[in-house]
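Coordinate inspection notes
Listed below, chain by chain, are the residues.
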Amino acid sequence: MAQLKIDALKLNVVTDQGQFETFTAFSDGLNIVRAKNSTGKSSYVNSILYALGVEELLGGTNGKTMKPVLREELTYRGSICKVLESNVELQISNMNKKSITIRRWITSTSREEKLIEVEFGPSLTEIKKFEKQDFYVHFPGSAQNDAGFHSFLSDFLGWELPLVPSFEGKERLLYIQTLFPLFFIEQIKGWSSFYAQPTTNYGIRELSTRAIEFILGLDVLNNSKQKEELRIERALISQEWINLVNTIRDKANAIGATVEGLSEKPELLSAFEVFVYDDNQKLVRLTERISERLYELNEKSTVVRSIKDVEKEHEERINSIEDKVLALQSEANSVRQEINSGVINRRTLEENLAQLQQDLKSNQDAKRLLDLGSDKDLYVAQGICPTCNQKIHETLLPQDIEFQPMTLDENIKYIRDQLSTLKFALNQSDNFVNEKNKRLKAITEALEEERRRLRGLKLELREDPRMLSNLDIEETLNLKWKIKELQEAESSFEKNGLSLNTLKTQWEEYLKKVKKIPEEFFSKLDKEKLETFENKFRYYLNQFGYSSTPLNEISISLDKYTPMVRGFDIKFDSSASDFIRLRWAFSLALNYVSNHHGGNHPHLLIMDEPGQQQMNINSTGKLFDSLSELNTQSIIASSLTLAEINSITKEIKVNIIDLGDEYIIKPHSN
């Protein structure tokens, strides 16, 4: 369980006219820091943020977020004092009752603003010497490295900050700064929204939602993280699968092969086979073709013949090859015509696709204008086709036939269906042309080989009949090269097949993980927490006198966890003072749910001037009552008079810290 308790706070300012300071000790439960307006009360409370390194809530980083009185000069009883050095000291405790004192300089000639000194003990409330260690903030690694202050602070407070989705598709730490707007409401931006985002969103998607989920300790945060991890895992496996498929196809194209059964997306039952063309231009399995070639090589390599021995065979082969060349030429021409027809067909499909896309756009534009209530130049309303601008009747059928023409919605749906059909046809056309090109390549290669063989046969018949047949030797060598090429391809396909099997295993594990994620977005405990959150939110609104909207119409949205009225942002239905009541109720309800159902709320609420918008003092009294009942520490900075505070807190336990009506930073007293 996380906890952040503020034990004590001290500001130290050294000026050219002496040292000034302010010190306050805080108790458990409700603390009211009372001071007159414009006396430094907000600066004092905001110094807590500065000490903790989360001053981004104030609109920036480092010392510039502090008022000039802590950096440049302060006025005391009419005298202007130049600031030489200043720092803030903050003593805090965690759930284990361990205390540390944080010291951070606002201005100094020797200490940088990004340096934070931690004293491992309650040095503000006990006069003892404790060990010290320096840390840094607002540098890369501040939230994760051992020397990073926020890394140390999150461990000290008991926060195990999760990794959440970023805009870059990666994961980022839910930085500690993102949590403070939910329990520290500063005066400038804190009262204007339910989550006053720091100066940056740290690249985190849906930042406020992730922060609320963490504070409430919702299981959905882990589910969302798992879903995001699975989304990334799916993308990685799919991309690796596509890369492997492309590698297989490229290798197949290199040898004029066709691949069947190769899925474009990860698939557990997929199994691919490779086919190549044989001597008769028929597709056979690659393994079968290699066997044929090896048998052919064995037949050739066992015989050494002279030209005289093969003379008659050569003459017969010449006649046979000439017939084969003519057949191959005819077949090549036929395939070229098929390819040309396929290309023309594809061009027609592309033109039709472009026309349909334009039709869809025109119909969508017409519907959009019609939905908006337009009666100006609306083609359909005037009986003019939005595509071709021609006069149209209500129906294309004869007027004596009763027929209801399609509405714009029906027409849009029809066009979309046609687009889907055309896209499928285009894909089929591409596949057809690709396969025909492979076939043409195989025929062309076979034609060149037969022509080369024909030239070799005729040339060899002119040689001395007693010489060895070089053609046999050449064909044997060529056959060996082709076998080697096919065998290397087969080896490559086998390796790729093993890689695909590995991806299948990964895909199977991915699918198992998907099945394990709850079908319902929220767990049973999440639902209990959100139901309590909504009920307690309404309860507090009733306590505080909220009246802008009936309470039974108010709900907590299940996507952003912020209040809604009939599905709309409640802020627009609330008066200025009632929105402040909403902000009170929201903060207290978050704390209540975390306290009673388990969460990561630090059991701390800090509000600077909750009496915004001339808030009714009775409502403020109800706020103090509710805070005193919470099992949490609350620090309220208020400009109410001491008499007003006493009148509305006389029935509750409260620690009233009256800083007076003068400027709160006063000369150091020895």
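Everything that follows concerns the structure shown earlier in this document.
Residues numbered from 1 in each chain as written. Predicted model: local features only at pLDDT ≥ 70, side-chain atom pairs only at ≥ 80, totals over all residues. Heavy atoms only, no water.

Within the chain, the secondary structure is distributed over 12 helices and 21 strands. Expressed as a percentage of the 670 residues in the chain, the buried residues total 47%. Considering only contacts within the chain whose residues lie at least 6 apart along the sequence, 68% involve residues at least 24 apart. Surface summary for the chain: the accessible area is close to 35000 Å², and the carbon and sulfur share equals 49%. (Helix = DSSP H or I, 4+ residues; strand = E, 2+ residues; numbered from the N terminus. Buried < 20%, exposed > 50% of the residue type's maximum accessible area, 1.4 Å probe, protein only. Contact = heavy atoms within 4.5 Å. Areas by Shrake-Rupley, 256 points an atom, 1.4 Å probe, with all protein chains shown as cover.)

Looking now at the sheet that holds strand β16 (residues 563–565). Strand order across the open sheet formed by 3 strands is β15-β16-β17, with antiparallel pairing between neighbours. Lying at the two open borders of the sheet, with one neighbouring strand each, are β15 (554–556) and β17 (568–569). Two strands pair when backbone bridges link them, and β15 and β16 are joined in this way by 3 bridges, in the antiparallel orientation. Directly across from I556, in β16, lies its bridge partner P563. Packed onto the sheet, helix α9 (residues 524–544) meets β15 and β16 and runs at close to 140° relative to β15. (Pairing = 2+ DSSP bridges. Axes fitted to C-alpha atoms, helices over the stretch in contact; angles between N-to-C directions.)

The next subject is the environment of I554. Structurally, the position occupied by I554 is in strand β15. Expressed as a C-alpha distance, the spacing of I554 and D569, which sit 15 residues apart in the sequence, is 9.9 Å.

Moving on, we come to the side chain of E55. Note on placement: E55 falls in the loop between α1 (41–51) and β4 (73–76). Under the relative-accessibility criterion, E55 is labelled buried at 0%. Engagement of the side chain of E55 in a polar contact is seen with the side chain of R104, the distance being 2.9 Å. One polar contact links E55 to H138, side chain to side chain, over a distance of 2.8 Å. Not counting chain neighbours up to four residues away, the residues in contact with E55 comprise L49, Y50, G60, T61, N62, T65, R104 and H138. (Polar contact = N/O pair within 3.5 Å; in protein donor to acceptor, adjacent residues only side chain to side chain.)

The subject of this paragraph is the packing of aromatic side chains. For any pair of aromatic rings, the description rests on two quantities: the centre-to-centre distance and the angle between the ring planes. By the definition in use, this model includes 19 aromatic pairs. Each ring, one from W159 and one from F183, has its centre 6.3 Å from the other, and the planes form 45°; the classification is tilted. Here W159, found in the loop between α2 (149–157) and β9 (163–165), pairs with F183, found in the loop between β10 (171–173) and β11 (184–185); they are 24 residues apart in sequence, far enough to count as distant. One exposure class covers both W159 and F183, and it is buried. Centre to centre, the rings of F522 and Y561 are 6.4 Å apart; their planes meet at 70°, and the pair counts as edge-to-face. (Phe/Tyr/Trp six-rings, centres within 6.5 Å; stacked < 30°, edge-to-face > 60°.)

The subject of this paragraph is the packing of α9 against helix α11 (residues 617–629). As a packed pair, α9 and α11 sit with axes 8 Å apart at the nearest point and diverge in direction by 135°. Comparing the axis directions of α9 and α11 gives the class oblique. Residues Y540, Q543 and F544 of α9 touch α11, and the partners they reach there are S619, K622, L623 and S626. Among the residues forming the contact of α9 with α11, the class breakdown is 3 nonpolar, 3 polar and 1 charged. (Parallel < 35°, antiparallel > 145°, perpendicular 65-115°, else oblique. Nonpolar A, V, L, I, M, F, W, Y, C, P; charged D, E, K, R; others polar.)

A separate point is the environment of E662. Of note, E662 is situated in the loop between β20 (655–658) and β21 (666–667). The spatial distance from the C-alpha of E662 to the C-alpha of G40 is 9.1 Å, given a sequence separation of 622 residues. Contacts of E662, omitting those with residues within four sequence positions, involve T39 and R77.

Right, let's get into the nonpolar core. In this structure, L52, I92, W159 and F180 are the most contacted members of the largest nonpolar core, which totals 113 residues. At 10 residues, the largest contribution of residues to this core is made by helix α10 (residues 576–597). Among all residues touching W159, those that are not within four sequence positions of it are A2, S154, I176, L179, F180, F183, F214, N600 and P602. Listed in part, the 25 residues of the second largest apolar core include A252, I255, L262 and L286. (Core = buried A, V, L, I, M, F, W, Y, C linked by side-chain atoms within 4.5 Å.)

Turning next to the sheet that holds strand β19 (residues 633–638). If you walk across this open sheet you meet the 5 strands as β11-β18-β19-β3-β20, and the pairing is parallel. Every other strand in the sheet has two partners, leaving β11 and β20 as the edge strands with one partner each. As defined by bridge partners, strand β18 (residues 604–608) adjoins β19 across 5 bridges and the pair is classed as parallel. Paired with L604 across the strands is Q633, a residue of β19. On top of the sheet, α10 reaches β11 and β18; it is set at about 165° to β18, its chief contact. In this fold helix α12 (residues 642–649) packs onto β3 (30–34) and β20, with an angle of close to 175° to the strand it touches most, β20.

Counting across every chain of the model gives 30 salt bridges. We note a salt bridge from E72 to R71, for which the minimum N-O separation is 3.5 Å. Among the ionic pairs, E117 bridges to R103, the shortest N-O distance being 2.4 Å. Here R103 lies in strand β6 (residues 99–107) and E117 lies in strand β7 (residues 115–119), a separation of 14 residues in the sequence. The same class applies to E117 and to R103, which are both buried. Here the salt bridges do not stand alone but share partners, grouping E89, R103, R111, E117, E119 and D134 into one network. (Salt bridge = Lys/Arg side-chain N within 4 Å of Asp/Glu carboxyl O.)

Further remarks concern the pairing of strand β13 (residues 273–277). A regular strand carries its side chains on alternate faces of the sheet. Where burial is concerned, most of β13 is hidden: 4 out of the 5 residues are buried. For strand β12 (residues 258–260) and β13, the ladder comprises 3 bridges, and the chain directions are antiparallel. Bridge pairing links T258 to F275 in β13. In this structure, β13 lies alongside strand β14 (residues 283–285), joined through 3 bridges in antiparallel fashion. Across the sheet, the residue bridging to V276 is V284, located in β14. Hairpin connection of β13 to β14: 5 residues between the antiparallel strands, including Q281 at a positive phi of 60°.

Before going further, it helps to examine the packing of helix α3 (residues 207–216) against α10. At a closest axis distance of 8 Å, the pairing of α3 and α10 adopts a crossing angle of 45°. The angle between α3 and α10 places the two elements in the oblique class. Contacts from I212, I215 and L216 in α3 reach F586, L590, V593 and S594 in α10. A per-class count over the contact of α3 with α10 returns 6 nonpolar, 1 polar and no charged.

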